[in-house]
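# Structure at a glance
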Amino acid sequence: MSSNRISFILGDEPPARLDKAIARDVPEDAALSRTRLARLMAEGAVRVDGVVASDPKARAKAGAVIEVEVEEAQESHIQPEDIPLDVVFEDPHLIVVNKPTGMVVHPAPGSPSGTLVNALMHHCGDDLSGVGGMKRPGIVHRIDKDTSGLLVVAKSDAAHHGLAAQFAAHTVERYYRALVYGVPDANDPRLRGIKGTSFERGNVLKLTTQLARHKTDRQRQAVLFHGGRHAVTRARLVERYGAPEVLAQVECWLETGRTHQIRVHMAHAGHGLIGDPVYGGRRKLAKGALSDAAIEAISGFGRQALHAAVLGFEHPVTGEKMRFETPLAPDFQELLDSLA
């Protein structure tokens, strides 16, 4: 298999560890992340002054000549599948899609085919220049199978590296629409008594907790206040439904991006999502609060009422500010129409 050799010299005052020094000084256009460089070092593909360097903790020295042998991207084991995609934007570096409900993002033991990645493998074809040494789409974030909406996917190492850095720094703009039980409002004394909840100006509910896998149910996430991973969600009331008010449409945005974050946070606040089979539950609504048609629509809604509506980021190659919006999935919009 053919390969490319990247050569450069470590600059002045490098970090003490060799892997960190190489990651700092490797040419930007090589688009090699620290993770990829660590793998290349372990494979013996990195030389320092002509000698193979496989110890990432070795001491770095200014002026050392670094050579990195990077093999051309290999073909992926993931099979392309001709599945229609709603492409919102595409260029040589990345693609933004509006994912439908029911589609898993990445192949897994329970979903080996029919995923977004399978569809992208077919759609992008030879346009995939390789991510992590493999010709495959670079997934930098995910949304649940039954959540609809916007996703950005990298088509090259450069885009993958740049997008991943933005997600890690929490600079990506992500807004969701959700339909929840109850009405989250700063005037509700019950919410004031729930640990991890607070309100910001403009009646914005803020949820700040730790999240981790549930101890007994590995398919669920659990709210913690010690251990786990830091998670922050904000929610703004958009519309109230019912007389008395029993449902609300909210706009949620993420400061962090953890598994099931909006779903578990809203349930923790007592405002589980309509149709959520894991966290939302099914509540008995006040008699007469909604029409019979609305009650039927709610009881028949077979997924969490959650849609990734807005996605904004800086283009990882051109630096251009990008922002995309997509309307609600048809089933979600029909549900809201039944409440009018």
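## Section: the packing of helix H1 (residues 18-25) against helix H2 (residues 34-42)
Axis separation between H1 and H2 bottoms out at 10 Å; the angle between their running directions is 125°. With respect to H2, the axis of H1 lies oblique. Read as a crossing pair, H1 and H2 show a hand that is right-handed. Note on element contacts: H2 touches H1 through Arg34, Leu37 and Met41, opposite Leu18, Asp19, Lys20, Ile22 and Ala23. Of the residues assigned to the contact of H1 with H2, the class counts are five nonpolar, no polar and three charged.

## A look at the nonpolar core
Residues Tyr176, Val250 and Met266 are the most contacted members of the largest nonpolar core, which totals 35 residues. Tallying contributions element by element places helix H3 (residues 116-124) first for this core, with five residues. When near neighbours in sequence (up to four residues on either side) are disregarded, Tyr176 contacts Ile143, Val250, Glu251, Cys252, Leu254, Ile262, Leu306, His307, Ala308 and Ala309. Core analysis: the next-biggest nonpolar cluster, separate from the first, contains 21 residues, Ile6, Leu10, Leu37 and Ile66 among them.

## Here we look at the pairing of strand S16 (residues 247-254)
The buried fraction of S16 amounts to eight of the eight residues, a majority that puts the element mostly inside the structure. Along S16, one buried face is formed by Leu247, Gln249, Glu251 and Trp253 and the opposite face, lined by Ala248, Val250, Cys252 and Leu254, is buried too. The pairing of strand S11 (residues 173-181) with S16 spans seven bridges and is antiparallel. Opposite Tyr176, over in S16, you have Cys252 as the bridge partner. Where strand S15 (residues 229-241) and S16 come together, eight bridges link them in antiparallel fashion.

Parameters and conventions
- Residues numbered from 1 in each chain as written.
- Predicted model: local features only at pLDDT ≥ 70, side-chain atom pairs only at ≥ 80, totals over all residues.
- Heavy atoms only, no water.
- Axes fitted to C-alpha atoms, helices over the stretch in contact; angles between N-to-C directions.
- Helix = DSSP H or I, 4+ residues; strand = E, 2+ residues; numbered from the N terminus.
- Parallel < 35°, antiparallel > 145°, perpendicular 65-115°, else oblique.
- Left-handed = near helix turned anticlockwise from the far one by under 90°.
- Contact = heavy atoms within 4.5 Å.
- Nonpolar A, V, L, I, M, F, W, Y, C, P; charged D, E, K, R; others polar.
- Core = buried A, V, L, I, M, F, W, Y, C linked by side-chain atoms within 4.5 Å.
- Buried < 20%, exposed > 50% of the residue type's maximum accessible area, 1.4 Å probe, protein only.
- Pairing = 2+ DSSP bridges.

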